[in-house]
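# Tertiary structure, described
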Amino acid sequence: MKSNRKKIFILTLAIVLVATGAVGFYLFNKGPVNIKKAKAVHIDASVLYKAFETDSATANKKFNGKILQVKGTIKEISSNQQNQQVILLSTTAEGASINSTMEENIKALQTGKTIMLKGICNGIGESDEDLGLKADVYLTRAYHIE
Amino acid sequence: MTTKKIIATLAVTILVIAAHAQKVYTKNGNISFFSKAPLENITADNNQVMSVLNQQTGEMQFSVIIKSFKFKKALMEEHFNENYLESNLFPKAVFKGAVSDISKVKFTTDGIYNVMVSGDLTMHGVTNKVSTAGTLTIKNGVALGSSKFIVKLADYNIAIPKLVKDNISETIEITVNCEYNQKL
C-alpha cells in the first residue's frame, strides 16, 4: 500500500515536471502573434493619423502595440533594404502616411487603390518642423486583407 | 513691388530651395542589434527608422521607435519592451549629431567614403555622447549610411535582472543601415 502511494507520488511529480518543462519550452520558443487570425480594431487611415496628430499620448494608449485593420488608399509602394514591401496609405495630412511594412509581398497592387491592411501599430515617428517633415504612423508585420 | 524687392525675394527663395535640396531622408531605414548570450544569441530588426542627413553640413538625425524592433520570439520581444527598454515610458531612441568630415564625401560621385559620426544618443531616458566610424556609400546619387558600434546597457540605466545576469550580455552591438532615398 505504502509502495503504491510512493509510486503514484513519483509518477505525479514526473508528470508535473514534464508538463511544466513543456509549457516553459513552448513559451520560450513561441513565435510572434498570428496577425491574420487575431482580432483587430478597424479604423480608417485618416482617422488613425488624426488621432496621433491631435493627441499622441491618448492615441498611444489606444492603439500602440495593438493589432489594427486599417482601410486606406495606396499612396506609394516601395521596398525597404530587407526587400520587404512598404505600403504607404494616404492620410489627410500632407506628406504623412500610414507606413506599413508588409510580412508578405503583394503583387498586382497599384497606387490609388483602396485596400485594407492588418498589422501591429507601433505609434508615430518624429516630425521635424524645421525641415517640414511630417512623421508617419507605423504598422509592422502587416498583411493585405481581401 | 520694386525690381530690387523682386530680386531679393527670388534670391531668398532660391537659397531656401538650395538649402532644402541638400537634405535627404528616409522613413524606413534599418537598425538591428545583436547580443551574444550563452543560452541563445539575441537579434532584432527595425525597418522603420527615420533619419535625416544634411549633405552640406553633415548634420545627422535618427529617430527610432523602440516597439518597431521585431524579434523571432514573442517572449524576447515582450521582455525587451517591458523589462529592459520600457518602451511605454521611453517610446523612442534619438540620435542627434553630425558627420565630422562630410566635406570629403562627393555626393555626385559613386564610391565608399569612410567617415566619423559623433553626437548625442538618447535611449531609455538617458543621453550619452557617442562617436563611431562609419561609411557613406554613394550609388547613383543615393547615399547609404552604415555603421556598427557597441552600447553598454548600464550606460543607459538598462538593468539586467539578477536571475538572468549570466545569460544576458552587458553590451549590445548596433548596426545601422539607412538609405537616404528621399529628398526634401
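Residues numbered from 1 in each chain as written. Chains lettered and ligands numbered in written order. Predicted model: local features only at pLDDT ≥ 70, side-chain atom pairs only at ≥ 80, totals over all residues. Heavy atoms only, no water.

## Remarks on the packing of helix H2 (residues 45–54) of chain A against helix H3 (residues 56–63) of chain A
Residues and elements named next belong to chain A.
- Between H2 and H3, whose axes approach to 5 Å, the crossing angle comes to 130°. In terms of orientation, H2 and H3 fall into the oblique class. Along the contact surface, H2 presents Leu48, Ala51, Phe52 and Thr54, while H3 presents Ser56, Ala59, Asn60 and Phe63.
- Of the residues assigned to the contact of H2 with H3, the class counts are five nonpolar, three polar and no charged. (Axes fitted to C-alpha atoms, helices over the stretch in contact; angles between N-to-C directions. Helix = DSSP H or I, 4+ residues; strand = E, 2+ residues; numbered from the N terminus. Parallel < 35°, antiparallel > 145°, perpendicular 65-115°, else oblique. Contact = heavy atoms within 4.5 Å. Nonpolar A, V, L, I, M, F, W, Y, C, P; charged D, E, K, R; others polar.)

## Looking at unusual backbone geometry
Residues and elements named next belong to chain B.
- Of note, Asn140 is a non-glycine position whose phi angle comes to about 50°, a positive value.
- You can see Asn140 is positioned in the loop between strand E6 (126–139) and strand E7 (142–152).
- Taking relative accessible area as the criterion, Asn140 reaches 65% and is therefore assigned exposed.
- Unlike most non-glycine residues, Asn157 shows phi in positive territory, near 55°.
- Within the secondary structure, Asn157 sits in the loop between E7 and strand E8 (171–180).
- Given a relative accessible area of 55%, Asn157 falls into the exposed group. (Buried < 20%, exposed > 50% of the residue type's maximum accessible area, 1.4 Å probe, protein only.)

## Focus on the pattern of salt bridges
- Enumeration over the complete set of coordinates arrives at nine salt bridges over all chains.
- For Glu53(A), the salt bridge is made with Lys50(A), and the minimal N-O distance between the two is 4.0 Å. One end of the pair is Glu53(A) and the other is Lys50(A), both in helix H2 and three residues apart, which spans about a single turn.
- With relative accessibility at 46%, the residue Lys50(A) sits in the partly exposed group.
- With a closest N to O distance of 3.3 Å, Glu77(B) and Arg141(A) form a salt bridge. Placement of Glu77(B) in helix H2 (residues 74–84) and of Arg141(A) in strand E6 (residues 137–145) is noted, with the two residues assigned to different chains. Each of the two residues, Glu77(B) as well as Arg141(A), counts as buried.
- Three or more residues joined by partner-sharing salt bridges are found here, namely Lys50(A), Glu53(A) and Lys134(A). (Salt bridge = Lys/Arg side-chain N within 4 Å of Asp/Glu carboxyl O.)

## Considerations on the environment of Ala45(A)
- Assignment of secondary structure puts Ala45(A) in helix H2.
- Looking at Ala45(A), the relative accessible area reads 2%, which means it is buried.

## Points about the domain arrangement of chain A
- In terms of domain boundaries, chain A breaks down into domain 1 (1–31) and domain 2 (41–145).
- Put simply, the middle of domain 1 of chain A and the middle of domain 2 of chain A, counted by C-alpha atoms, are 46 Å apart. (Domains from an automatic or database assignment.)

## Points about the interface of chain A and chain B
- Taken together, the 33 residues of chain A in the interface contact 32 residues of chain B.
- Of the roughly 2600 Å² buried at the junction of chain A and chain B (both faces included), carbon and sulfur atoms supply 49%.
- When residues of chain A are sorted by the area they lose upon contact with chain B, Gln81(A), Glu126(A) and Leu131(A) head the list and together hold 26% of the total.
- At the junction of chain A and chain B, the tally comes to three salt bridges.
- Linking chain A with chain B are 18 residue pairs in polar contact (both at pLDDT 80 or more), by the criterion used here. (Buried area = accessible area lost by both parts, 1.4 Å probe. Polar contact = N/O pair within 3.5 Å; in protein donor to acceptor, adjacent residues only side chain to side chain.)

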